[in-house]
Amino acid sequence: MNYQETVNWMFKQLPMYQNQGTSAYKVDLSNTVLLAKHLNHPELHFKSIHVAGTNGKGSTSHMLSSVLQEVGYNVGLYTSPHLKDFRERIKINGKEVSKQFVMAFIKRNLSFFKANQLSFFEMTVGMAFDYFKKQNVDIAIIEVGLGGRLDSTNIITPEISVITNIGFDHLRFLGNTFETIATEKAGIIKQKVPVVIGETQEETNDVFVKTAKNKVSEIYFADQLITQNFESDLKGSYQKHNIKTVVQTINLLNSQKVFFVSDKQLTNGLINVVKNTGLKGRWQILQEQPKVICDTAHNKEGLSYVMKQLEDEEFNELHMVFGVVNDKDLDSLLPLLPRHATYYFCKPNILRGMDETHLKDKFLDEGFIGNSYTSVNEALNSALQKAKSEDYIYVGGSTFVVAEII
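Residues numbered from 1 in each chain as written. Predicted model: local features only at pLDDT ≥ 70, side-chain atom pairs only at ≥ 80, totals over all residues. Heavy atoms only, no water.

A. Representation of the packing of aromatic side chains within the structure. Here the structure, examined in full by the defined rule, presents 19 aromatic pairs. Ring centres 5.8 Å apart and planes at 85° place the aromatic pair Phe46 and Phe132 in the edge-to-face group. Pair noted here: Phe46 is in the loop between α3 (30–38) and β1 (47–52) and Phe132 is in helix α6 (residues 120–134), with a separation of 86 residues, a long-range link. The class for Phe132 is buried, based on a relative accessible area of 0%. Considering the side-chain rings of Tyr73 and Phe259, the 5.1 Å spacing of their centres and the 80° angle between planes classify their relative orientation as edge-to-face. Placement of Tyr73 in the loop between α4 (57–71) and β2 (75–78) and of Phe259 in the loop between α11 (239–255) and α12 (263–271) is noted, with a sequence separation of 186 residues between them. (Phe/Tyr/Trp six-rings, centres within 6.5 Å; stacked < 30°, edge-to-face > 60°. Helix = DSSP H or I, 4+ residues; strand = E, 2+ residues; numbered from the N terminus. Buried < 20%, exposed > 50% of the residue type's maximum accessible area, 1.4 Å probe, protein only.)

Shown next as structure tokens:
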């Protein structure tokens, strides 16, 4: 199989949350443990930082990688989902894994994958860990895919565990209270491994403090400890929380005296995230006049931050290109979204994308104004045709909406 055929096989043959939702979520780590053994335990051959959380874990992971790259370390970065190409998930020093490695890894392990019916996510985690081992990374930033406790990445013992925050997302997998979701995320806290919590939240503090105590792990609340403000090239106002999380994590890493990051390297890493890592889709400006912004925020907490920033922008008319996946709780999102706007409803091109006419009907029933379009690009093109130079176009609602236009 060539590269595209290999990736297509991975997408088609195996359950994958990105496309299918529930059927891709495994209830234990037995497959991942089996794969790790088959690969001769690559996870034991590199140091890591493990990053979980409802929102901000992708930005935080990229910031951490960028900062450590500024020092000159060989830094692995594993994140999900990808926007354009599968290889975005696995990077070293901002460079994507080669097509040759992806093909060779699948070819070499194909019979094992088939015999054990591994999921897309399990295979991908195995590929990342195998790559990081073979490339001798000094440290890898590992972003949790979903939850924490039962996530395929949770076979590592990191230098530091990081939990950015807790919000309501993926309720059918993780539970429907802050406490139950926090318990799943707290599953990444390991024995005697310190944990950094990004945002202090009354509903979840007890869960984290209790888990850390049981694991004999030191716990640090970044928003209570970091008072200095740092600039970043990631311009969303919500990034201030992620920046504090990164700074506290780097401070902690420095205190362990295995890695060392200077103040200048920290500052440079934070202002060069896009250049160093290739991160896209975080309050990204696509053009001016009319200004077009896209952002991957896709749940109540994420969108509330982004919509607050949108309120602070100056424009004449607002145009919202908007689409979601079909498990999204629209009732929690609708109160956050601006009513003085024209909406362009669209369905992201994945199996679990919400039908654009259903989305339109739901919004129109609540008093919003707009039309539905058969694709994200058609919706954006319509907005561009109607918008004047002093207007503003926002594209979002789902990672997969953003993926189609950048």
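B. Just the pairing of strand β9 (residues 284–287), in detail. When β9 meets strand β10 (residues 291–294), the two strands line up antiparallel, connected through three bridges. Counterpart to Ile285 in the pairing with β10 is Ile293. Adjacent in sequence and paired antiparallel, β9 and β10 are bridged by three residues, among which Gln289 carries a positive phi angle near 55°. (Pairing = 2+ DSSP bridges.)

C. How the structure looks around the packing of α3 against helix α5 (residues 99–116). Running from N to C, α3 and α5 point in directions that differ by 155°, and their axes come no closer than 12 Å. In terms of orientation, α3 lies roughly antiparallel with respect to α5. The hand of the α3/α5 crossing is right-handed. Contact residues: α3 offers Asn31, Leu34, Leu35 and His38, while α5 offers Asn109, Phe112, Phe113 and Asn116. Partitioned by chemical class, the residues of the contact of α3 with α5 number four nonpolar, four polar and no charged. (Axes fitted to C-alpha atoms, helices over the stretch in contact; angles between N-to-C directions. Parallel < 35°, antiparallel > 145°, perpendicular 65-115°, else oblique. Left-handed = near helix turned anticlockwise from the far one by under 90°. Contact = heavy atoms within 4.5 Å. Nonpolar A, V, L, I, M, F, W, Y, C, P; charged D, E, K, R; others polar.)

D. Just helix α8 (residues 178–185), in detail. Listing the buried residues of α8 in full gives Phe178, Ile181, Ala182, Glu184 and Lys185. One side of α8 holds all its buried residues, which, seen down the axis, span an arc of 155°. (Arc of directions from axis to C-beta.)

E. Representation of the sheet that holds β10 within the structure. With mixed pairing, the six strands of this open sheet are ordered in space as β9-β10-β14-β11-β12-β13. The strands lining the two open edges of the sheet, one partner per strand, are β9 and β13 (369–373). Each neighbouring strand pair of the sheet contributes to a mean axis angle of 20°, computed without reference to strand direction. Strands in contact with helix α14 (residues 300–312) are β11 (318–322) and β14 (392–396); relative to β14, the strand with the most contacts, it is inclined by about 175°.

F. Examining a negative patch on the surface more closely. A surface patch of negative charge is lined by Glu179, Glu202, Glu203 and Asp206. The residue Glu179 is located in helix α8 in this model. A relative accessible area of 37% places Glu179 in the partly exposed class. (Patch = residues over 30% accessible without salt bridge, like charges linked within 9 Å, V, L, I, M, F, W, Y side chains within 5 Å. Areas by Shrake-Rupley, 256 points an atom, 1.4 Å probe, with all protein chains shown as cover. Salt bridge = Lys/Arg side-chain N within 4 Å of Asp/Glu carboxyl O. Lys, Arg positive; Asp, Glu negative; His and termini not counted. Charge placed at Lys NZ, Arg CZ, Asp CG, Glu CD.)

G. Just empty space enclosed by the protein, in detail. Enumeration over the complete set of coordinates arrives at one cavity of 30 Å³ or more. Size it by volume and the largest cavity reaches roughly 50 Å³. The wall of the largest cavity is formed by Thr32, Leu35, Ala36, Leu39, Pro42, Glu43, Glu122, Val125, Gly126, Phe129 and Ile155. Where the lining of the largest cavity is concerned, the elements lending two or more residues are α3 and α6. The element that contributes the greatest number of residues to the lining of the largest cavity is α6, accounting for four residues. Taken together, the residues of the lining of the largest cavity break down into seven nonpolar, two polar and two charged. (1 Å grid on protein atoms, 1.4 Å probe; cavity = no way out; pocket = protein on both sides within 12 Å on 5 of 7 lines; lining within 4 Å. Points joined across faces, edges and corners; volume = space filled by probe spheres on them.)

H. Main features of the side chain of Glu122. Along the chain, Glu122 turns up in helix α6. There is a polar contact of 2.8 Å between the side chain of Glu122 and the backbone nitrogen of Ser119. (Polar contact = N/O pair within 3.5 Å; in protein donor to acceptor, adjacent residues only side chain to side chain.)

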